[in-house]
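Chains, contacts and geometry: an overview
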Amino acid sequence: MAAPVRAADAVDVGSTVPKADQVSEGLFPEEKCEELKAAGYKCQGFKPTVKYSLPATSFKLGSAELPDLLKQQLEVFAEVLKSRRGTGKVIRIEGHADASGSEEFNQVLSKQRAEAVKSFLVAHGADPDMLSTAGAGASELKNASDPFAAENRRVEIGRATSP
């Protein structure tokens, strides 16, 4: 597994619903190279993979329930992942919490958030074998100056290993 990416390294999707081609290129940039080669061009390398932060302030305090906006965003991710079934590529879903609970509670809650996202993606066609989950608790705050800030309650999705 690749080293964990810091929260500052994640692309914040915010309150927008991303386009499937953007998510696809971010999670699977090597596929653009393959397309170029198939068309007879040389590929000089590809962009690094992207880790997405979904979305700032998505979860209610102490909850792993998926809000409506997050479900809309995850539908796009599910669409992209559904087309990669059986490829052996692994996507890491990492849940996060703010600092309002105990360390133990935040660890469990962040793992529940990641599992809720995985369940949603699988229910919408993603291959469960492609998805790994982890909980970071409140150890990787997006807003370190305010450990209790809502934007610290989030899920991040990215490749488990580089292509």
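Because the structure is a prediction, the values reported are computed rather than measured.

1. Observations regarding the overall build of the chain
Scanning the chain from N- to C-terminus turns up four helices and five strands. For the chain, the N- to C-terminal ordering of α and β elements is β-α-α-β-α-β-α-β-β. For 163 residues, the compact-globule estimate of 2.2 N^0.38 gives 15 Å, and the chain sits close to it at 16 Å. When its C-alpha atoms are laid out on the principal axes, the chain stretches across 55 × 30 × 30 Å.

2. Quick notes on the side chain of Asn152
Looking at where Asn152 falls in the secondary structure, it is placed in the loop between β4 (131-135) and β5 (155-159). Residue classification places Asn152 among the buried residues on the basis of a relative accessible area of 0%. At a separation of 2.7 Å, a polar atom in the side chain of Asn152 contacts the main-chain amide nitrogen of Asn143.

3. Overview of the pattern of salt bridges
A complete count under the given rule lists ten salt bridges for this structure. When the shortest N-O distance is used, the salt bridge between Glu31 and Lys89 registers 3.3 Å. Taken together, the positions of Glu31 in helix α2 (residues 30-38) and Lys89 in the loop between α3 (68-82) and β3 (91-95) put the pair 58 residues apart, joining distant regions of the chain. The pair Glu31 / Lys89 is uniform in exposure class, with both members buried. Residue Glu94 is joined to Arg92 by a salt bridge in which the shortest nitrogen-to-oxygen separation is 2.9 Å. Take Glu94: its relative accessible area is 2%, and that puts it in the buried class. Under the relative-accessibility criterion, Arg92 is labelled partly exposed at 25%. Three or more residues are tied together by salt bridges with common partners; here these are Glu30, Glu31, Arg84, Lys89 and Arg159.

4. So, the pairing of β3
Of all five residues that make up β3, four are buried, and the element is covered over most of its length. Handedness of the crossover joining β3 and β4 through helix α4 (residues 103-123) is recorded here as right-handed.

5. Some thoughts on the environment of Leu109
Looking at where Leu109 falls in the secondary structure, it is placed in helix α4. Those residues within four positions of Leu109 in sequence are excluded, and the remaining contacts are Gly62, Ser63 and Ala64.

6. Here's the deal with the pairing of β5
Both faces of the sheet carry side chains from a regular strand, because those side chains alternate between them. β5 sits mainly inside the fold: five of its five residues count as buried. The pairing of strand β2 (residues 52-54) with β5 spans three bridges and is antiparallel. Considered in β5, the bridge of Ser53 is made with Glu156. For β3 and β5, the ladder comprises five bridges, and the chain directions are antiparallel.

7. Things to note about α3
Taking 1.5 Å per residue, 15 residues should reach 21 Å; α3 reaches 21 Å between its end C-alpha atoms and fits that length. Among all positions of α3, only Leu70, Gln73, Leu74, Val76, Phe77, Ala78, Val80 and Leu81 are buried. Elements that come into contact with the buried residues of α3 comprise α1 (20-27), β2, β3, α4, β4 and β5.

8. Here's the deal with the packing of aromatic side chains
Throughout the structure, instances matching the rule amount to one aromatic pair. An angle of 80° between the planes, with centres 5.4 Å apart, marks the rings of Tyr52 and Phe77 as edge-to-face. On the criterion of sequence distance, the pair formed by Tyr52 in strand β2 and Phe77 in helix α3 is long-range, its members being 25 residues apart. Phe77 carries the same exposure label as Tyr52, and that label is buried.

What counts and what doesn't
- Note that residues are indexed from 1 along each chain, following the sequence as it is written.
- Local features in a predicted model are, by the rule used here, given only for residues with pLDDT of at least 70; side-chain atom pairs are given and counted only at 80 or more, and totals for whole chains, interfaces and linings are based on all residues.
- To get the side-chain values, take all heavy atoms of the structure and skip hydrogens and water.
- Secondary structure follows DSSP: runs of H or I at least 4 residues long count as helices, runs of E at least 2 residues long count as strands, and numbering of each begins at the N terminus.
- We compute the radius of gyration from the C-alpha atoms alone; for a globule the expected value is 2.2 Å times N to the 0.38, where N is the number of residues.
- Here the term buried applies to any residue with accessible area under 20% of the maximum for its type, exposed to any over 50%, and partly exposed to those in between, with areas from a 1.4 Å probe on protein chains only.
- A 3.5 Å cut-off defines polar contacts: any pair of N or O atoms within that distance qualifies, except that in protein one atom must be a possible hydrogen donor and the other a possible acceptor, and neighbouring residues in sequence count only when both atoms are side-chain atoms.
- Salt bridge, as applied in this entry: a Lys or Arg side-chain nitrogen positioned within 4 Å of an Asp or Glu carboxyl oxygen.
- Crossover handedness is defined by viewing with both strands directed away from the observer: a clockwise path from the first strand over the helix to the second marks the crossover as right-handed.
- The contact criterion used is simple: two residues touch if any of their non-hydrogen atoms lie within 4.5 Å.
- Strands were regarded as paired on the criterion that DSSP finds at least two bridges between them.
- Expected span of a helix: the number of residues minus one, times 1.5 Å.
- Working definition: a ring pair exists when centres of Phe, Tyr or Trp rings (six-membered ring for Trp) sit within 6.5 Å. Plane angles under 30 degrees give stacked, over 60 give edge-to-face, the rest tilted.

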